[in-house]
Each structure stands twice: as structure tokens, then as C-alpha cells.
Amino acid sequence: MTTNAENAASSDIVDIVQDPAIAEIRISEAQLQARVCELADALSADYAGKCPVLVGILRGSIMFLADLLRYLDMPLEIDFLAISSYVGRDSSGVVRLLKDLDRSITGKHVVLVEDIIDTGLTLNYVLRILRARAPASLEVCSLLDKPARRLVEQQIKYVGFHIPDVFVVGYGLDYNQRYRNLPFIGSLRMP
Ligand code: IMP
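Here the structure is a predicted model, which is why all the values come from computation and not from measurement.

Caption draft 1: Seen up close, the pairing of strand S7 (residues 158-162). Counting buried positions over the five residues of S7 gives four, a clear majority of the element. Pairing between strand S6 (residues 137-145) and S7: four bridges, direction parallel. Across the sheet, residue Leu144 finds its bridge partner in S7, namely Phe161.

Caption draft 2: Spatial organisation of unusual backbone geometry. Between Leu58 and the following residue, Arg59, the backbone shows a cis peptide bond with an omega angle of 0°. Mapped onto the secondary structure, Arg59 falls in the loop between strand S2 (53-58) and helix H3 (62-71). Its identity is not glycine, yet Tyr171 carries a phi of approximately 50°, on the positive side. Here Tyr171 lies in the loop between strand S8 (168-169) and strand S9 (185-188). Relative accessible area serves as the criterion here: at 2%, Tyr171 is assigned to the buried category. Within the chain, Tyr179 stands out as a residue other than glycine whose phi angle is a positive 75°. Secondary-structure assignment places Tyr179 in the loop between S8 and S9. With a relative accessible area of 8%, Tyr179 lands in the buried category.

Caption draft 3: View of the site of the ligand. Taken together, the neighbourhood of the ligand is formed by 16 residues, with Asp115, Asp118, Thr119, Thr122 and Val168 sitting nearest. Between Gly120 and the ligand, the recorded distance is 2.8 Å, taken from a backbone N or O atom to an oxygen atom. Surface burial for the ligand is 92%, taken as the share of its 490 Å² of free accessible area covered by protein chains. Counting only elements with at least two residues in the shell around the ligand, the list comes to strand S5 (109-117) and helix H4 (121-131).

Caption draft 4: Geometry of the pairing of S2. With respect to burial, S2 is a largely interior element, five of its six residues being buried. Strand direction decides the pairing type here: S2 and S5, joined by four bridges, are parallel. In the sheet register, Val53 faces S5, and the bridge partner there is Val110.

Caption draft 5: View of the nonpolar core. Formed by 26 residues in total, the largest nonpolar core has its most connected members in Leu43, Phe64, Leu68, Cys141, Leu143, Leu144 and Ile185. By residue number, the principal contributor to this core is helix H2 (residues 29-46), which donates five residues. Excluding residues that lie within four positions of it along the chain, Cys141 makes contacts with Leu39, Leu43, Phe64, Leu68, Val111, Leu112, Val113, Glu114 and Tyr158. Counting 20 residues, the second-largest nonpolar core is a separate cluster that includes Val53, Val95, Leu130 and Val140.

Criteria and cut-off values
Numbering of residues starts from 1 in each chain and follows the order in which that chain's sequence is written. Per-residue local features of the predicted model are confined to residues with pLDDT of at least 70, and side-chain atom pairs are confined, for both listing and counting, to 80 or more; whole-chain, interface and lining totals are unaffected and use all residues. Working from all heavy atoms in the structure, the side-chain values ignore hydrogens and water. Partly exposed residues are those whose accessible area sits between 20% and 50% of the maximum for their type, while under 20% is buried and over 50% is exposed, using a 1.4 Å probe and protein chains only. Secondary structure elements are defined from DSSP: runs of H or I of at least 4 residues count as helices, runs of E of at least 2 residues count as strands, and each element is numbered from the N terminus. By the convention used here, strands pair only if DSSP detects at least 2 bridges between them. When we say a residue is near a molecule or strand, we mean one of its heavy atoms is within 4 Å of it. For the purposes of these results, a polar contact is taken to be a pair of N or O atoms within 3.5 Å, where, inside protein, one atom must be able to donate a hydrogen and its partner to accept one; residues adjacent in sequence count only when each atom of the pair is a side-chain atom. Working definition of accessibility: Shrake-Rupley area with a 1.4 Å probe, residue cover restricted to the visible protein chains. Only buried residues count toward a nonpolar core. Its members are Ala, Val, Leu, Ile, Met, Phe, Trp, Tyr and Cys residues joined through side-chain atoms within 4.5 Å. By the convention used here, residues are in contact when the closest approach between their heavy atoms is within 4.5 Å.

So, in C-alpha cells, the structure goes:
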């Protein structure tokens with residue numbers, strides 16, 4: 001027997017999937033969870049004995065970071081940066097810092113947690129800011145990588161999935177602030 005909460009949750013998801021704007025599910029919830037678990041294993045091995053600071057970039061990285069944290073059984077800290085760069089589908093190319101870190105990262109091992117690297121402009125900007133603060137180390141962990149649109153090359157040590165040049169939503173990623181709550185990554189049918 002299903003509970004009201006279960007019925008409500010599944011019918012919400014069906015409603016969203018039936019949203020004509022969602023063209024298809026590209027990465028399922030199970031695939032996401034399996035890969036996030038593997039990334040957490042890699043981080044646990046590489047940062048054993050250290051206490052890394054995981055820096056999430058708001059708002060797209062929230063689901064990825066939250067799941068990653070659940071799989072990381074080690075001492076760590078988290079902090080957040082908020083960046084604005086996109087309105088709608090295309091990058092304006094102008095990146096602004098909306099919220100800075102709450103704590104110093106000087107001398108700390110920092111892992112920047114991103115939802116997706118597209119042109120690389122946002123990452124380039126954020127890495128410049130963080131490097132100037134002299135962390136002990138600085139690596140990038142991005143759920144998605146869309147290399148076809150790259151304008152600025154950066155080394156991304158941990159990548160969940162490489163995807164083609166399609167606009168995707170869900171699992172934290174949005175289109176005009178919608179669809180972040182989908183538990184999977186879907187592609188959007190663009191007019
Ligand atoms: P970049 O500066 O072009 O690399 O863009 C990075 C940011 O753009 C990401 O953190 C996302 O917020 C957003 N973005 C890029 N591609 C997509 C997409 O396919 N769906 C949703 N957001 C995207």
C-alpha cells in the first residue's frame with residue numbers, strides 16, 4: 001500500500017515529466033546516484049587524512065553537493081559561493097559574485113563543486129578568485145561537463161558525466177529557475 005506522501009511525490013514527478021518542455025530523461029536517478037557514489041569514493045581516497053572544504057556554487061550544485069556529502073564519511077567543511085552568469089539559456093559572458101565564502105580558505109584543501117561546466121567562463125572566474133586566497137590545493141568536481149561549448153580550458157579533476165551540447169535541467173540545474181527539483185537530468189525541448 002502506498003502512503004499519501006508517496007502518491008503525492010510520484011504524481012508530482014509524473015506531472016513534471018509530462019511537462020511538454022522536458023524532451024527526455026538523459027541521466028536517470030539511479031545513474032546519478034551510482035556516479036555520485038563513485039566520485040565520493042575518489043574524493044575519500046584522495047583526501048584521506050585531510051579535512052577538505054567543499055565549496056558549492058549556488059544554486060545549481062545544491063543537489064549534487066548534498067548527495068556527495070551523504071556518501072563522504074570523512075572530516076570536511078562546506079561553504080558556498082553564489083555566482084550569476086545566465087539569464088535563460090545563453091550565457092551573457094558576464095560573471096558576477098553575488099555571495100562570497102563565509103570562511104577563509106587560506107592553507108586549506110578546497111574542492112570546488114559545480115553542476116556543469118559549459119563555456120568555462122564561470123569556472124575561470126571562480127578559480128581566479130579562489131587561487132588568490134592561497135589554498136593548500138584547489139581542485140574541481142563537476143557533475144556534468146559539456147566540452148563542445150568550451151571557451152576557456154580548465155583542468156577538471158573529477159567529472160560525473162560528459163554530455164553533448166544540449167541544454168539540460170534537473171538535479172539542481174534550472175531553466176529560468178524551474179526544474180531544479182527533478183531527481184534526474186532531462187533535456188529541454190527548446191522552441
Ligand atoms: P559556463 O560559465 O558557461 O561554464 O556556465 C556555467 C553555468 O551555466 C553552470 O553553473 C550552470 O548554472 C549554467 N549552465 C550551463 N549549461 C547549462 C545547462 O545545460 N543547463 C542549465 N544550466 C546550465
